[in-house]
Amino acid sequence: MITRTPIAVHCEEVVPVAPVPDTPTGDWQQQLRDVIRDPVALCRHLALDPAWILGARTGHELFPVRVPLAYLARMRRGDPEDPLLRQVLPLVAESDAVQGFVDDPLEERDHTPRPALIHKYPGRALLIASPTCAINCRYCFRRHFPYADNAPSMNEWEQTLDYLRDDDSIHEAILSGGDPLASPDRRLATLVKRLEAIPHLKRLRIHTRLPVVIPDRVNDALLDWLGGTRLQKVVVLHINHAQEIDEAVIAACERLKAAGVTLLNQSVLLRGVNDDVGALERLSERLFEAGILPYYLHVLDPVAGAAHFDVPDDEARQLMEALRQRLAGFLMPRLVREVPGEKSKTPL
Ligand code: SF4
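Model, not experiment: these values are computed from the prediction.

> Residues and numbers for the pattern of salt bridges, please.
According to the stated counting rule, one finds 25 salt bridges in the structure shown. The shortest N-O distance in the salt bridge between lysine 345 and glutamate 338 comes to 2.9 Å. Several salt bridges converge on common partners, so that one network encompasses Glu158, Asp162, Arg165 and Arg194.

Written out as structure tokens, the structure is:
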């Protein structure tokens, strides 16, 4: 692992910071409103050395801080190397211009035939069902995505649904975002009803981090619309480290499975978070304990601001080889890269 060097500053200011409850209470929407949005508050809640504050502010200017309290509660106080904190703590390195790291690394803007619709791969199409996330992950490949241009009006949503109706080669609708589960249940229930009325759609896939970062999101209302649809249901979670999976996450996963959902996980290989074989082994083991199958381990998409998370391909392959020596085959994620223009993920 590399050690990040904070920018040394003398921070004498006193910032009032509310105490963080050990167990966040309230419904998920309240928890969404209560997320930490202030980089200084994040540093102070975790008792970090004030030397981290300047970097946190610099990175926050480029991509704002968002951290739910339920996620924060799983971090170690006073430890800037905590693998959960590393995923959300802005750094001054995010302002570095690094060759090859760009705003739209997957060239998604070339594959949006309708507002909020990305159609890159045969057989499936992706809907941007929400422009926001509960958490802002610093390595996110959509950290520069123009969500404001992909917030369709009712009329534009009709055009998007028409596109799906008119192409009977599309069998799977993928709800993505942002985080699609950041949308209210009533809105999602209506959207899923419209989708299931399209006869050639067979599957509904949801890419989400919300059951991980705010497990209370898996509430009765969600289970009603998700469990009630005729579509086969797959939820692809995004978990990068075993420490993210606490008892509340396991309980949320059990409720999803009881509603007939297949649970998969995709991770990103991140320098300083999970770039050692022990961390990857514990992640796969813990995922399976929670009833989730390891699916993909992505190498980092080269998005501007995230170059410090990059792990070279050779090192990634060596890690996978070492992992293979330790895990049963069904616990091995597939190491992949998303290459713009390719019709599927590219195995490494
Ligand atoms: S939850 Fe997913 S979409 Fe949202 S910031 Fe994190 S990686 Fe990006």
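Past the structure itself, the notes keep going.
> Give me the lowdown on the site of the ligand, citing residues and values where you can.
Around the ligand, the surrounding shell consists of Cys133, Ile135, Asn136, Cys137, Cys140, Gly178, Arg209 and His238. A class-by-class count of the residues in the shell around the ligand yields 4 nonpolar, 3 polar and 1 charged.

> Give a description of the state of the cysteines that names residues and reports values.
If you walk through the whole model with that rule in mind, you get 0 disulfides. Unpaired in terms of disulfides, cysteine 253 finds its nearest cysteine sulfur in cysteine 137, a separation of 16 Å. You can call cysteine 253 buried: its relative accessible area is 1%.

> Help me get a handle on the nonpolar core, residues and values and all.
If you look at the biggest cluster of nonpolar residues, it comprises 89 residues, and the most contacted ones within it are Leu175 and Leu195. In this structure leucine 175 touches Leu127, Ala129, Pro180, Leu188, Leu191, Val192, Leu195, Leu204, Arg205, Ile206 and His207, once residues within four positions along its chain are discounted. Leu319, Leu327, Leu331 and Leu335 belong to the second largest nonpolar core, which has 14 residues in total.

> Talk me through the sheet that holds strand 8 (residues 334-337); I want residue IDs and the actual numbers.
Here we have 9 strands laid out as an open sheet, ordered 1-2-3-4-5-6-7-8-9, and mixed in their pairing. The open sheet has two free edges, formed respectively by strand 1 (117-118) and strand 9 (346-347), since each of these has just one partner strand.

> How would you sum up helix 10 (residues 247-258)? Please name residues and give values.
When the terminal C-alpha atoms of helix 10 are compared, their 17 Å separation across 12 residues agrees well with the 16 Å that a helix rising 1.5 Å per residue should span. Turning to helix 10, its buried residues are Val249, Ile250, Ala252, Cys253 and Leu256. The buried side chains of helix 10 occupy one side of the element, clustering within an arc of 160° when seen end-on. Exposed residues pointing more than 90 degrees away from the buried face of helix 10 are listed as Glu247, Glu254 and Ala258. Taken together, the buried residues of helix 10 touch helix 8 (210-213), helix 9 (220-228), strand 5 (232-238), strand 6 (261-268) and helix 11 (277-289). Glycine 260 lies just past helix 10 and shows a positive phi near 90°.

Calculation notes
Residues numbered from 1 in each chain as written. Predicted model: local features only at pLDDT ≥ 70, side-chain atom pairs only at ≥ 80, totals over all residues. Heavy atoms only, no water. Salt bridge = Lys/Arg side-chain N within 4 Å of Asp/Glu carboxyl O. Near = heavy atom within 4 Å. Nonpolar A, V, L, I, M, F, W, Y, C, P; charged D, E, K, R; others polar. Disulfide = S-S within 2.5 Å. Buried < 20%, exposed > 50% of the residue type's maximum accessible area, 1.4 Å probe, protein only. Core = buried A, V, L, I, M, F, W, Y, C linked by side-chain atoms within 4.5 Å. Contact = heavy atoms within 4.5 Å. Pairing = 2+ DSSP bridges. Helix = DSSP H or I, 4+ residues; strand = E, 2+ residues; numbered from the N terminus. Expected span 1.5 Å × (residues − 1). Arc of directions from axis to C-beta.

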